[in-house]
Amino acid sequence: MSGRLLLTVATILLFHATFSTYEHLSHLKALGRPEGSLPPSSLVALILGILGACLKAPALKEITWASEMKTRTIDDMDARMGFANFVTRAKVLGEDEPSS
Amino acid sequence: MAMDLPSALHRLAHYRTHNTRASRQIFEAGAVVFRNDALGKLGDDNWQFFETLALAAVDVGRPDITEECLRHLSAQFPDSPRVQCLEGILKEATESAEVALRYYQALLDADPSNVAAWKRQISVLRRLGRTESAVEELSKFADTFYTDVEAWLELADLYASRNQYTSALQSLSHVLVLAPQNPFYVLQAAETAFTAEDVPLALRFFLMVIDMTDDAETDTPTPAGITVRAWYGVELAAARLEAEPRLGSQSPSNTRSPEHLSKLRKLAQDMIQAAGKSAQGAEAEASSAWLRR
């Protein structure tokens, strides 16, 4: 929750910084002094944005091969679907209607 | 069993990625998808869905649904080898085996590299009990398409069903070359080696499985899944090597047996006990009763 809040605040601050920079520089240009430095609010917005993105990141997923193998079963690995036998007794036993 | 649409779609995706053959559940999930008119939600996967449903319908005993799916598929993909293979499977289920064999032979005469048709032909031969021709055809297939792991696994299964465990072990060695990181195949090789009386090799393979599946992070690991099965294998193999020392020196694959057999056996028993404690009820009693045998 706090990550999302930080991220929202950072985005708003960034927009504000952009707009105020534009305003400031056009003000200076109008006055004939086209020098200018970056306002500090954009830097603050950057830091807050990084913090918010890190906090809002989703939970880490397993990437090791062993952890993937833990989710499999012997029946899955031994399925051999290309050679599977599809002629079963189901035809003869008839099908009981699945409920609902 | 009532199922709503999101869980049905989730199940279908899970079965597809894990290659599970859960035909009854796939059939019911398919029924849910059709009832909710949700074919559009599958997007590009809907042709895969038709294929999976067709196979599940044949398995469950509803060839009418299979015909329906095949109609859709052959309308979309005319002259596709995959669809022709599905039609062959339908023929296997509804008509006699000779008709199916003739169909596959016709497909193979037209295109000798039709992998799916060759596999189905071998499957029909095996089902008819003609194991010699099945073994011959499957050996030819495995020599032609060496990297097909499924073929070598099927060959190992075929040999094991005829109690030719050394030949099964040889086929499994090809599987291990092709898929070296898969602990399930190493476990199968371990159990086949044990049955083929090559106990030191079996013990080595069981220990390899444990090495592959154990997470090194926890200090006191409680084994789960196939690791438990591998620990059972270690216990059995170590017990057998202790009881019959001649097996340790006569390994057909010249594998040396490890030195501290009694310690290994004790470790295996501890691991099995740990796994048994974390299990519930009957399973825990069964494992402790077996350890006291």
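Below is a short write-up of the structure. Note that the coordinates shown come from a computational prediction; the quantities given were computed from them, not determined experimentally.

**Here we look at the interface of chain A and chain B**
- Between chain A and chain B, the residue contacts involve 28 residues of the former and 44 residues of the latter.
- Together, the buried faces of chain A and chain B total about 3,300 Å²; carbon and sulfur atoms form 53% of this surface.
- Linking chain A to chain B there are 2 salt bridges.
- The partner of B:Asp157 in a salt bridge is A:Arg80, and the shortest N-O contact between them spans 3.4 Å.
- Our count for the chain A to chain B interface comes out at 12 residue pairs in polar contact (both at pLDDT 80 or more).
- Where the side of chain A that touches chain B is concerned, the elements lending two or more residues are α3 (65-70), α4 (74-77) and α5 (90-93) of chain A.
- The biggest single contributor to the side of chain A that touches chain B is α3(A), with 4 residues.
- Here the side of chain A that touches chain B is built from residues that sort into 13 nonpolar, 7 polar and 8 charged.

**Some details on the layout of surface pockets**
- In this structure, the largest pocket occupies an estimated 600 Å³ of space.
- In terms of lining residues, the largest pocket is bounded by 24 residues, among which A:Met81, B:Asn19, B:Gln48, B:Glu51 and B:Leu55 are the most central.
- At the level of secondary structure, the elements contributing two or more residues to the lining of the largest pocket comprise α1 (5-18), α2 (23-35), α4 (46-60), α6 (81-94) and α8 (115-127) of chain B.
- Ranked by residue count, the leading element in the lining of the largest pocket is α4(B), at 6 residues.
- By volume, the second largest pocket amounts to about 310 Å³.
- The wall of the second largest pocket is formed by 18 residues, among which A:Asp78, B:Gln188, B:Glu191, B:Thr192 and B:Arg229 lie closest to the centre.
- Among the secondary structure elements, those contributing two or more residues to the lining of the second largest pocket are α4 of chain A together with α10 (149-161), α11 (165-178) and α12 (183-195) of chain B.

**Description of the environment of B:Ala117**
All names here are of chain B.
- Structurally, Ala 117 is set in helix α8.
- Assessed through its relative accessible area of 1%, Ala 117 is described here as buried.
- As for Ala 117 and Leu 107, which are separated by 10 residues in sequence, their C-alpha atoms are 6.8 Å apart.
- Among all residues touching Ala 117, those that are not within four sequence positions of it are Tyr 104, Leu 107 and Leu 108.

Cut-offs applied
- Residues numbered from 1 in each chain as written.
- Chains lettered and ligands numbered in written order.
- Predicted model: local features only at pLDDT ≥ 70, side-chain atom pairs only at ≥ 80, totals over all residues.
- Heavy atoms only, no water.
- Contact = heavy atoms within 4.5 Å.
- Buried area = accessible area lost by both parts, 1.4 Å probe.
- Salt bridge = Lys/Arg side-chain N within 4 Å of Asp/Glu carboxyl O.
- Polar contact = N/O pair within 3.5 Å; in protein donor to acceptor, adjacent residues only side chain to side chain.
- Helix = DSSP H or I, 4+ residues; strand = E, 2+ residues; numbered from the N terminus.
- Nonpolar A, V, L, I, M, F, W, Y, C, P; charged D, E, K, R; others polar.
- 1 Å grid on protein atoms, 1.4 Å probe; cavity = no way out; pocket = protein on both sides within 12 Å on 5 of 7 lines; lining within 4 Å.
- Points joined across faces, edges and corners; volume = space filled by probe spheres on them.
- Buried < 20%, exposed > 50% of the residue type's maximum accessible area, 1.4 Å probe, protein only.

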